[in-house]
Amino acid sequence: MSSKLKNNNIALIMGGVLAAVNVIVILIAGSPYDVAHKIGVYKMIPPVWMWCLSTVIFGFLIGYALGTVAYVVLSERTCREGEIWAYRGGMVFVGTYLLSLAHYPLLFVGERMVIALVLALLTLVCSLLCIFCWSRVSIAASIIMGVYTVWMAYVLFVSGYVVLNI
């Protein structure tokens, strides 16, 4: 099996796992429609189904980025310093992912708008740190995390809009 194919397998598996976790969190959290009607932010957010689909897609993308970095480290294609940056980025990535998982239920189901705003801000900061760390290991993973950071900036904007207009 070629190394390129192994890279795709690890990255695809990680992407699939993180996307599946996002789907599970969305399904367990419950319906966001009651809160969406209460806060009336339909001007600022896409339809809820599109928000959920975007969350799952970005979950897959960041899982793919994690798999790419894991492949680089596991295939010993990086030096010790690169491994250190990969692990640092991995620790920040865990924070990024867990905070982003908590954001959806807090904003749309739990009606904890201020906490959701703080989580969105922390997630954005963690994803920026992840980009910085992983840029020394894998440019592709950094670009994917950059796209995810743009999504999180939008999530922060929506959360801030909700908090300021209630």
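Residues numbered from 1 in each chain as written. Predicted model: local features only at pLDDT ≥ 70, side-chain atom pairs only at ≥ 80, totals over all residues. Heavy atoms only, no water.

Across its full length, the protein carries six helices and zero strands. When the helices and strands of the protein are listed from N to C terminus, the series reads α-α-α-α-α-α. Residues counted as buried form 47% of the 166 residues belonging to the protein. Of the contacts made within the protein by residues no fewer than 6 positions apart, 80% connect residues no fewer than 24 positions apart. Within the structure as shown, the protein displays about 8,600 Å² of accessible surface, and the carbon and sulfur contribution to it stands at 73%. (Helix = DSSP H or I, 4+ residues; strand = E, 2+ residues; numbered from the N terminus. Buried < 20%, exposed > 50% of the residue type's maximum accessible area, 1.4 Å probe, protein only. Contact = heavy atoms within 4.5 Å. Areas by Shrake-Rupley, 256 points an atom, 1.4 Å probe, with all protein chains shown as cover.)

With that settled, consider the confidence of the model for the protein. Mean pLDDT over the protein stands at 84; residues scoring 70 or higher make up 86%. Here helix α2 (residues 33–39) stands out as the element of the protein with the lowest mean pLDDT, 62, in contrast to helix α5 (residues 113–134), whose mean of 92 is the highest. (pLDDT = per-residue confidence, 0-100.)

A few words now on the pattern of salt bridges. In the structure shown here, the tally under the stated rule is one salt bridge. For E83, the salt bridge goes to R80, with nearest N and O atoms at 3.5 Å. Taken together, the residues E83 and R80, both in helix α4 (residues 80–109) and three residues apart, mark about one turn of the helix. The buried category is assigned to E83, whose relative accessible area is 16%. Since its relative accessible area comes to 64%, R80 is described here as exposed. (Salt bridge = Lys/Arg side-chain N within 4 Å of Asp/Glu carboxyl O.)

This part covers empty space enclosed by the protein. By rolling a water-sized probe across the atoms, one finds the places where empty space is left. A complete count under the given rule lists one cavity of 30 Å³ or more for this structure. Of the voids in this model, the largest cavity is the one considered here, and its volume is about 180 Å³. In this structure, the largest cavity is lined by 17 residues; those nearest its centre are T55, S100, L101, Y148 and W151. Only α1 (3–29), α3 (48–74), α4 and α6 (139–164) provide two or more residues apiece to the lining of the largest cavity. Grouping the amino acids of the lining of the largest cavity by side-chain chemistry returns 12 nonpolar, five polar and no charged. (1 Å grid on protein atoms, 1.4 Å probe; cavity = no way out; pocket = protein on both sides within 12 Å on 5 of 7 lines; lining within 4 Å. Points joined across faces, edges and corners; volume = space filled by probe spheres on them. Nonpolar A, V, L, I, M, F, W, Y, C, P; charged D, E, K, R; others polar.)

Relative to each other, α3 and α4 sit at 165°, their axes nearing to 11 Å. Here α4 runs roughly antiparallel to α3, going by the angle between their axes. At the point where α3 passes α4, the crossing takes the left-handed sense. Counting all contacts with α3, which are made through V48, W51, C52, I62, L66, V69 and V73, the residues of α4 involved are E83, A86, Y87, F93, Y97, Y104 and F108. Within the contact of α3 with α4, the residues separate by chemical class into 13 nonpolar, no polar and one charged. (Axes fitted to C-alpha atoms, helices over the stretch in contact; angles between N-to-C directions. Parallel < 35°, antiparallel > 145°, perpendicular 65-115°, else oblique. Left-handed = near helix turned anticlockwise from the far one by under 90°.)

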